[in-house]
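# Structural characterization, general
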Amino acid sequence: MADQRPISFAELSQLTALGVQPASIGFATLTLESDRFICVREEVNGAKQVVIIDLNDANNVMRRPISAESAIMHLTEKVIALRAQRQLQIFSIEAKAKVSSHLMHEDIEFWKWISPTTLGIVTTTAVYHWVAYSPPSHPVQVQEAPVKVFDRHASLAGNQIINYRATSDEKWLVLVGISSNTNPGGFKVKGAMQLYSRERGVSQPIEGHAAAFAELRLDGGAEDTKLFAFAVRTATGAKLHIVEIDHQASNPVYAKKAVDVFFPPEATNDFPVAMQVSPRYGIVYLVTKYGFIHLYDLETGTCIYMNRISGETMFVTCEHESTSGIIGVNRKGQVLSVTVDDDTVIPYILRTLNNTDLAIRLASRANLPGADDLYTRQFANLFQSGNYAEAAKVAANSPRGILRTPQTIEQFKGVPATAGALSPILQYFGILLEKGKLNKFESLELARPVLVQGRKQLLEKWLKEDKIECSEELGDIVRSHDMTLALSVYLRANVPNKVVACFAETGQFAKIVVYAKRVGYTPDYGSLLQHITRLNPDQGAEFAGQLVNDESGPLVDVERVVDVFMSQNMIQQATSFLLDALKDNKPEQAHLQTRLLEMNLVNAPQVADAILGNEMFSHYDRPRIANLCEKAGLLQRALEHYEDIADIKRVVVHTNLLTADWLVNYFGKLTVEQTLECFNEMLRVNIRQNLQVVVQAATKYSDLVGPVRLIEMFESFKTFE
């Protein structure tokens, strides 16, 4: 059975079916700045307009009456850049407003968006950059005018400029042009490039037709290597060149590549017209004028695949971000996309190209299936032969982490360490940390020995660098060594119950409610309060207030809070809490008012006396509180609350414990009969002690009670005062 092709090819749209005129489908009238929008300038019945196709919603075609000489859509937003002769304008289509504008002092030959904020503008003599738009995602200061970056090289004089590209940091730039070759012996279309380094301020003229910048992480590299790729066809043949730019000393040196680009015999006049590099796969997509596509491995320069995908010229292309492929438009109006087929590319490289090394590299780089058995066998052979360092590299780079398992860790742990050398398991972890982030099992296995050795600062470093995967288990291991570090782990792992527990144990009570609301978690606030109160009574009281007074309503039952405080015999904190919680004196809080008074009458009668004296509450159980007041020796408060005459008589006889003036006034609140009963009881129980007060009161209320009855009472006790 023939091997399936290693690419996935699709027609995303057909512009003529969307109403775009065939005559408008060409380099001069159609622009493709990104895989989001196609912009076409048309003239229909003498009226000029711009057609905008959003490739995310291709059937919803926008048409605007615009008569510009050039129109290019922003990379991601509904913002259009327009040029009429030397006048440049940027418009927001959605806001229907002009964003910025500028009048150039010389003619413009080519322009394009080189970033979401910046336009690259090529005039007859120089190249300018203009920060012309401030996207909402990363606002910048818009420049009033374009800024000159470099002068055009003489080798591009008279060329048709077909492309201008920049690295993401805009430190390296390349201008691409083509012209008819006047040399009879040369290839008929001559390609000329100007590679410019902004840091060095130096230009390098290069013969070439298509170019792209790329980044690639090489084996052993601490950071990505920056590369420049370009393709050229001459009378003697065609080449793809890949060279390193801005070499970093910490990285391995990239050996420059120069590989042949094959053109079939029927394509004698064909040449490269476009190049895109896939960030995910590390593959160069090279498109030719006759519609051929070539795929090259960026690291080795190996040609992976070549085929014709279009019978017509693909005159514009760009990166297809969603597939890490290439998208382009041909002269028939087909919008085509090509990308690597994840399922078939590795088997294709193994069977058709018979290139095991490339298959292994690509599978690792892009996490592709198809080389799993190769990796497993290679790892087993290296491990059995004692080459643990190389075995560790193979396991670390295995596609989709197929070898990054607990079993592999156990294998490395089982190898005894050689004196003076790094143990195989630590070698393995070192390679994994260089490569990127550890998985859950790896993070746990590395954390244990690091913490035992007291090197928690390493763990903190890896956490900050996002090198380890946080989990509940990792947090549990760290917790016994460092509570604050464990909190960081639990937060990253999203383990709310343990985050809250750590906040509590580290005294960060104020953060608990805020965090719980943010993540939608509802802790058992009662148990939490009990725990905090046991550790720190004052902070427990503060936390209780925060819970009860939360803006969204009480987060814990007031009764539960009181139970917690009372279980710790925290009368003072319970009192303060209840005084605040009951300040509105609501009838439904009657039992809590009673409880507040009860606890203080039993434990701190003076406090209860003060509360009653302030008359803050009116719904508590009065007979119960009267009885407790009597037992606590607060006889005045008891009398204020008793209503039953038997209770009143029992208390009123203790005049030695009551203020005479207050008692005399008190009798004025009783009925005549109750007053007489009290007088009789007072004289009966202790005439010597109580007589003076009775006489004082009888004198004051004689008119009400009646002189005759009072005289009879005194005579009955043989008292003639």
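Preceding this paragraph is the structure being described.
Residues numbered from 1 in each chain as written. Predicted model: local features only at pLDDT ≥ 70, side-chain atom pairs only at ≥ 80, totals over all residues. Heavy atoms only, no water.

### A look at the sheet that holds strand 16 (residues 189-197)
Using the following cut-off: In this analysis, strands are considered paired if DSSP registers two or more bridges between them. The way it works is that DSSP assigns letters per residue, a run of H or I at least four long becomes a helix, a run of E at least two long becomes a strand, and they are numbered from the N terminus. Between the N-to-C directions of two axes lies an angle of 0 to 180 degrees, each axis being a line fitted to C-alpha atoms and, for a helix, fitted only over the stretch in contact.
Reading across from one edge, 14-15-16-17 is the order of the four strands in this open sheet, with antiparallel pairing throughout. Two strands in the sheet have a free side with no partner beyond their single neighbour: strand 14 (160-166) and strand 17 (202-207). The average undirected angle you get between the axes of adjacent strands in this sheet is 20 degrees.

### Some thoughts on the environment of Arg280
Short version of the rule: A simple rule labels every residue: compare its accessible area, found with a 1.4 Å probe on the protein chains alone, to the largest value its type can have, and call it buried under 20%, exposed over 50%, or partly exposed in between. Two residues form a contact once any of their heavy atoms are found within 4.5 Å. Here a polar contact is taken to be a pair of N or O atoms separated by no more than 3.5 Å, where protein atoms must pair a possible hydrogen donor with a possible acceptor and residues adjacent in sequence count only if both atoms sit in side chains.
Tracing the sequence through the fold places Arg280 in the loop between strand 22 (272-278) and strand 23 (283-288). For Arg280, a relative accessible area of 35% corresponds to the partly exposed category. Separated by 83 residues in the primary sequence, Arg280 and Ala363 have C-alpha atoms spaced 11 Å apart. Among residues more than four places away in sequence, those in contact with Arg280 are Ser324, Asp342, Arg365, Ala366, Asn367 and Leu368. Reaching out from Arg280, the side chain makes a polar contact with the backbone oxygen of Ala366 at a distance of 2.9 Å.

### Quick notes on the packing of aromatic side chains
For any pair of aromatic rings, the description consists of the separation of the ring centres together with the inter-plane angle of the planes. For clarity, the cut-off: Only Phe, Tyr and Trp rings are paired, with Trp represented by its six-membered ring, and only when their centres lie within 6.5 Å; those with planes under 30 degrees apart are stacked, over 60 edge-to-face, the remainder tilted.
Inspection of the entire model under this criterion finds 16 aromatic pairs. Relative to Phe679, the ring of Phe667 has its centre 5.1 Å away and its plane inclined at 75 degrees; by these criteria the two rings are edge-to-face. One end of the pair, Phe667, is in helix 22 (residues 660-667); the other, Phe679, is in helix 23 (residues 672-700), with 12 residues separating them in the sequence. Using a relative accessible area of 1% as the deciding quantity, one classes Phe667 as buried. The class of Phe679 is buried, set by a relative accessible area of 0%. Among the aromatic residues, ring-to-ring pairing joins Phe379, Phe383, Tyr388, Phe412, Tyr428 and Phe429 into one connected group.

### Overview of the packing of helix 14 (residues 537-548) against helix 15 (residues 558-567)
The line we're drawing: The scheme is simple: roughly parallel for angles under 35 degrees, roughly antiparallel for over 145, roughly perpendicular for 65 to 115, oblique for anything else. For this classification, the nonpolar set comprises Ala, Val, Leu, Ile, Met, Phe, Trp, Tyr, Cys and Pro, the charged set comprises Asp, Glu, Lys and Arg, and every other residue, Gly included, is treated as polar.
The contact between helix 14 and helix 15 brings their axes to 11 Å, and the two run at 175 degrees. When the axes of helix 14 and helix 15 are compared, the pair comes out roughly antiparallel. When helix 14 is examined against helix 15, the residues Gly540, Ala541, Ala544 and Val548 are found in contact with a partner set consisting of Val558, Val561 and Phe565. Its residues assigned to classes, the contact of helix 14 with helix 15 comprises six nonpolar, one polar and no charged.

### Side note on the layout of surface pockets
Worth spelling out the cut-off: Two kinds of site are reported from a 1 Å grid over the protein atoms alone, namely cavities, where a 1.4 Å probe fits but cannot get out, and pockets, open sets with protein on both sides within 12 Å along at least five of seven lines, and residues are called lining when an atom falls within 4 Å of a point. Grid points are joined across faces, edges and corners, and a volume is the space filled by probe spheres set on the points.
Estimated volume of the second largest pocket: approximately 1000 Å³. Residues of the lining of the second largest pocket, tallied by class, amount to nine nonpolar, seven polar and 14 charged.

### Concerning the nonpolar core
As a reminder of what qualifies: Among buried residues, the Ala, Val, Leu, Ile, Met, Phe, Trp, Tyr and Cys ones that are joined through side-chain atoms within 4.5 Å form a nonpolar core.
Grouped together as the largest cluster of nonpolar side chains are 143 residues, with contacts concentrated most on Ile512, Phe543, Phe577, Leu663 and Phe667. In terms of residue count, the dominant contributor to this core is helix 23 (10 residues). The residues contacting Phe543, other than those within four sequence positions of it, are Phe509, Ile512, Val513, Tyr525, Leu528, Leu529 and Ile532. Counting 21 residues, the second-largest nonpolar core is a separate cluster that includes Ala210, Ala212, Ala231 and Tyr296.

### Quick word on helix 23
Applicable threshold: Under the convention used throughout, the expected extent of a helix is 1.5 Å for every residue step, that is, one less than its residue count. Consider a residue and the seven residues that end there alongside the seven that start there; fitting an axis to each set, the bend is the angle between those axes.
Between the first and last C-alpha of helix 23 there are merely 13 Å, a value that for 29 residues lags more than 12% behind the 42 Å anticipated at 1.5 Å per step. Its maximal kink placed at Ile687, helix 23 deviates by approximately 140 degrees.

### Some details on the pairing of strand 3 (residues 37-44)
Two elements, strand 2 (residues 30-31) and strand 3, share two bridges in a ladder whose sense is antiparallel. Considered in strand 3, the bridge of Thr31 is made with Cys39. Connecting the antiparallel pair strand 2 and strand 3 is a turn made up of five residues. Two elements, strand 3 and strand 4 (residues 47-54), share eight bridges in a ladder whose sense is antiparallel. Within the sheet, the bridge partner assigned to Cys39 lies in strand 4 and is Ile52. Connecting strand 3 to the next strand, strand 4, in antiparallel fashion are two residues, including Asn45 with a positive phi near 50 degrees.

### Description of the environment of Gly191
Within the fold, Gly191 resides in strand 16. Under the relative-accessibility criterion, Gly191 is labelled buried at 0%. Along the sequence, Gly191 and Ile161 sit 30 residues apart, while their C-alpha atoms lie 10.0 Å from each other. Setting aside residues up to four positions removed in sequence, Gly191 forms contacts with Gly177, Ile178, Ile206, Glu207, Gly208 and His209.

### Side note on unusual backbone geometry
Phi angles above zero are rare outside glycine, and Asn45 is one such case at about 50 degrees. Its place among the elements puts Asn45 in the loop between strand 3 and strand 4. Residue classification places Asn45 among the exposed positions, given a relative accessible area of 80%.

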